[in-house]
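Survey of secondary and tertiary structure
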Amino acid sequence: MRDPIATVVSIIVAIFFATLVGSIYFKLGHGQAGITDRLGVLFFLTMNTAFSNLGSLAIFLFERSIYVREHRNGMYSPMAYYMGKIIQDVPLACAVNCLFDVIAYYMVGLQPAAIKFAWFFFISTLIMLNSYTLCMFLSNLSPNYQVANVVAPLVFVLYLLPSGFLINLNSIPLVWRWIKYISFVRYGFEALVINEFEGQMFSCDYPYSLVLEKITEEAYDHAHNITQPPVSNSTLAPCRIDGLSYVEQQFGFARDDFNMDIYVCGGSVIVYLLLGYCSLRFLRSNEGK
């Protein structure tokens with residue numbers, strides 16, 4: 001209530017950006033191109049949600065200086081400030097995230113079933129909460145804004161690389177493979193992909209080489225007076241792609257991992273909350289004394 005402009009701006013930005021994404025990926029089809037388009041928009045939405053709280057680093061650092069002064073004067077405990085901060089920020093962040101998801105989800109044309117959107121919003125909220133709590137932790141861990149502004153984007157980029165979209169999870173070099181086990185971006189993106197592609201069927205385009213081979217065979221038969229029916233699309237067997245099987249074969253996203261993705265995303269929120277509080281309690285509460 002004391003800063004209504006920031007609230008209004010965040011809502012306007014969410015509406016504008018969701019409309020922009022929805023207009024770019026408007027009503028995706030179920031052809032072969034629809035597979036890559038869906039993967040692209042899901043990765044983009046995951047990345048946007050994960051980076052959504054980076055702009056709050058400056059606010060966290062500014063409020064920390066106020067906290068240090070007021071806590072030093074005995075006005076409240078670290079737990080009181082920490083819980084108050086979370087209760088203040090999270091409901092509004094969830095509401096803005098819901099507004100963004102509703103607009104983008106239905107404009108893009110993802111699965112319209114209510115249960116599918118409910119899972120999408122839940123997973124997206126977990127990604128947002130990971131981003132929020134991680135930024136809280138890094139802001140409390142860093143001695144100043146300059147350090148936090150360098151460290152936070154680096155951590156988020158490291159989490160982004162083993163997401164499974166930029167590189168197959170099984171192709172990641174061994175020296176970097178450990179990152180995929182702690183990356184909430186990877187688990188969140190995998191859960192969103194499984195939720196969207198389960199129950200989806202796509203029509204595939206025939207490779208040009210297959211058609212060329214049939215045309216070549218027809219020309220050979222014609223030259224040797226071998227009677228064959230003319231080549232047409234009707235002679236090619238219909239081709240259908242199961243969405244879930246495709247992402248499992250191409251990206252290693254298995255349906256059996258869906259529940260684990262949810263548990264890990266939820267668990268990492270708790271871990272970052274605890275790390276953020278410990279950093280505030282033991283590293284920052286005695287500053288200035």
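Everything discussed here concerns the structure shown above.
1. A short note on the packing of aromatic side chains
- In this structure the tally under the stated criterion is 22 aromatic pairs.
- Summarising the aromatic geometry, the rings of Phe17 and Phe100 are spaced 6.4 Å apart at their centres and angled 20 degrees between planes, so their arrangement reads as stacked. Taken together, the positions of Phe17 in helix α1 (residues 4–24) and Phe100 in helix α4 (residues 78–108) put the pair 83 residues apart, joining distant regions of the chain.
- Judged by relative accessible area, which is 25%, Phe17 ranks as partly exposed.

2. Some points on the side chain of Gln111
- Looking at where Gln111 falls in the secondary structure, it is placed in the loop between α4 and α5 (114–141).
- A distance of 2.5 Å separates a polar side-chain atom of Gln111 from the backbone oxygen of Glu196.
- Filtering out sequence-adjacent residues up to four positions away, Gln111 remains in contact with Tyr105, Lys116, Asn195, Glu196, Phe197, Glu198 and Gln200.

3. A few points about the environment of Ser285
- Locating Ser285 in the fold gives a position in the segment after α10 (258–284).
- Residues Ser285 and Pro78, 207 residues apart in the sequence, show an inter-C-alpha distance of 7.2 Å.
- Once you skip the residues sitting within four places of it in the chain, Ser285 turns out to touch Tyr67, His71, Pro78 and Leu280.

4. Some words on empty space enclosed by the protein
- Applying the stated criterion across every chain yields a total of 1 cavity of 30 Å³ or more.
- Volume-wise, the largest cavity comes out at about 60 Å³.
- When residues of the lining of the largest cavity are traced back to their parent elements, those giving at least two are α3 (57–72), α4 and α5.
- Of the residues forming the lining of the largest cavity, the biggest block, 3 residues, is contributed by α5.
- Residue composition of the lining of the largest cavity, grouped by class: 4 nonpolar, 2 polar and 2 charged.

How each quantity is defined
Residues numbered from 1 in each chain as written. Predicted model: local features only at pLDDT ≥ 70, side-chain atom pairs only at ≥ 80, totals over all residues. Heavy atoms only, no water. Phe/Tyr/Trp six-rings, centres within 6.5 Å; stacked < 30°, edge-to-face > 60°. Helix = DSSP H or I, 4+ residues; strand = E, 2+ residues; numbered from the N terminus. Buried < 20%, exposed > 50% of the residue type's maximum accessible area, 1.4 Å probe, protein only. Polar contact = N/O pair within 3.5 Å; in protein donor to acceptor, adjacent residues only side chain to side chain. Contact = heavy atoms within 4.5 Å. 1 Å grid on protein atoms, 1.4 Å probe; cavity = no way out; pocket = protein on both sides within 12 Å on 5 of 7 lines; lining within 4 Å. Points joined across faces, edges and corners; volume = space filled by probe spheres on them. Nonpolar A, V, L, I, M, F, W, Y, C, P; charged D, E, K, R; others polar.

Any link to function would need more than the numbers given here.
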